[in-house]
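Residues per chain are reported as follows:
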Amino acid sequence: MDCARVQDYILTDYLDGCMRGEAKEELEAHLLQCPRCREFASQARQEVIEPFEQIEREQTPETVWANIKESLEEREALPDVFHSFRPWPDILKKLVIPRPAWVLASLLFLVIMTFVVRQHSLNQTYVETQSKEHVEYLAFMIGYPDSLNGEDQGGYGTYIEEIFL
Amino acid sequence: MQDVSQDIILKAADGDLDAFEMIFRFYSNYVFNVALRTAQSREDAEEITQEVFMTVYRKLESFRYQSSLKTWIYRITVNMTLNYLKKEAKHKNKAVEYDENFEPQEVKNDVKALTEKEYKDCLIERLLNYLTPEQKICIVLRNVEGLSYEEIAQSLKIDINAVRSRLKRAREKLLSLKKEEITHGLC
């Protein structure tokens with residue numbers, strides 16, 4: 001084991017007491033013969049382990065449970081419909097108090113979509129009308145009076161298609 | 001620490017407040033101490049503890065026993081604490097707080113009033129303030145709460161080697177600090 005690897009172990013498994021067996025023996029053998037790593041281990045224990053060992057664990061203040069209990073009792077006092085499906089109050093809250101940014105974004109989206117759909121429909125009508133007029137004109141020019149009776153002849157008729165295709 | 005019995009969990013999930021109080025009494029000190037060492041104030045720690053248990057109560061019905069209740073509560077605690085730390089850093093616009101040049105912002109001048117316990121707490125708070133939220137939570141879970149690497153990995157949903165790596169970086173950072181730098185302003 002080289003010094004860098006030993007020092008990595010010192011900062012983790014060794015000082016945390018997680019090293020066992022052969023690896024631990026190997027590391028301790030290295031420490032016996034390497035003063036630099038020994039010094040590093042001692043410094044690390046003193047500066048990053050010991051200060052935390054002196055911490056006194058604290059008891060949770062009673063007010064915390066009192067607050068939780070109060071909130072839960074208020075919650076239990078809600079009508080039965082809220083108890084059968086617990087996420088209801090949250091969903092209702094979101095519906096009743098919508099976020100302004102979402103409302104604005106939704107409205108904007110609706111307006112844009114209405115405009116786009118309407119524009120598309122107008123264009124479609126215009127293109128259809130234009131095509132029909134062109135066909136009528138061409139039919140007139142070549143003297144084919146029945147070519148536009150699409151309903152009777154199944155579309156624009158084969159005569160025009162024969163000419164142009 | 002052993003887990004509470006399944007019977008109590010089922011009763012609490014069914015809305016039994018007494019059963020839920022037993023769960024609270026069993027785990028609240030763990031939750032409170034993690035919050036206390038990571039949050040900026042005692043009031044915030046109390047608020048985090050409250051939030052954790054309200055979440056536990058709300059989600060207990062959907063607890064599927066895929067992990068132990070202990071691990072599940074640890075995970076909720078860690079998530080809430082990390083969210084709190086990130087929100088706090090963002091709120092105060094202290095993105096630079098965790099970089100290499102970070103200097104702790106508060107120097108308590110009222111040093112005469114510090115008791116031995118307050119001195120130790122203050123020292124720990126300073127040490128922890130040099131770390132990123134993820135490093136901080138790892139150190140608290142290991143050094144303060146005594147969780148194993150495996151328990152930390154489960155609580156943070158990360159690989160056990162990632163736990164080692166975070167602990168190593170955190171300790172390297174703490175070792176690189178000069179003693180005077182940490183104790184400046186403390187008696």
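Above this text you will find the structure in question.
The following paragraphs examine the structure supplied in this document.

Definitions and cut-offs
Residues numbered from 1 in each chain as written. Chains lettered and ligands numbered in written order. Predicted model: local features only at pLDDT ≥ 70, side-chain atom pairs only at ≥ 80, totals over all residues. Helix = DSSP H or I, 4+ residues; strand = E, 2+ residues; numbered from the N terminus. Contact = placed C-beta atoms within 7 Å. Core = buried A, V, L, I, M, F, W, Y, C linked by C-beta atoms within 7 Å. Buried ≥ 20, exposed ≤ 12 C-beta atoms within 10 Å, placed from the backbone. Nonpolar A, V, L, I, M, F, W, Y, C, P; charged D, E, K, R; others polar.

**A word on the overall build of chain B**
In terms of regular secondary structure, chain B is built from nine helices and zero strands. Shown N-terminal to C-terminal, the secondary structure of chain B runs as helices and strands in the order α-α-α-α-α-α-α-α-α. Across chain B, the fraction of contacts at a sequence separation of at least 24, relative to all contacts at a separation of at least 6, is 65%.

**Examining the nonpolar core**
One finds Ile10(A), Val31(B), Ala35(B), Cys138(B), Ile139(B) and Ile152(B) to be the most contacted residues of the largest nonpolar core, which totals 56 residues. A total of 11 residues in this core trace back to one element, the largest contributor, which is helix 2 (residues 17-38) of chain B. In this structure Val31(B) touches Thr49(B), Val52(B) and Thr77(B), once residues within four positions along its chain are discounted.

**Notes on the environment of Leu131(B)**
Positionally, Leu131(B) belongs in the loop between helix 5 (116-129) and helix 6 (133-144). The spacing of Leu131(B) and Lys173(B) is 42 residues in sequence and 7.6 Å in space, taken between C-alpha atoms.

**Brief notes about the interface of chain A and chain B**
At the junction of the two partners, chain A supplies 29 residues and chain B supplies 33 residues. Among the elements of the structure, helix 1 (3-14), helix 3 (35-53) and helix 4 (62-76) of chain A are those that each provide at least two residues to the side of chain A that touches chain B. For the side of chain A that touches chain B, the leading source of residues is helix 4 of chain A, giving eight residues. Of the residues contributing to the side of chain A that touches chain B, the split by class is 13 nonpolar, seven polar and nine charged.

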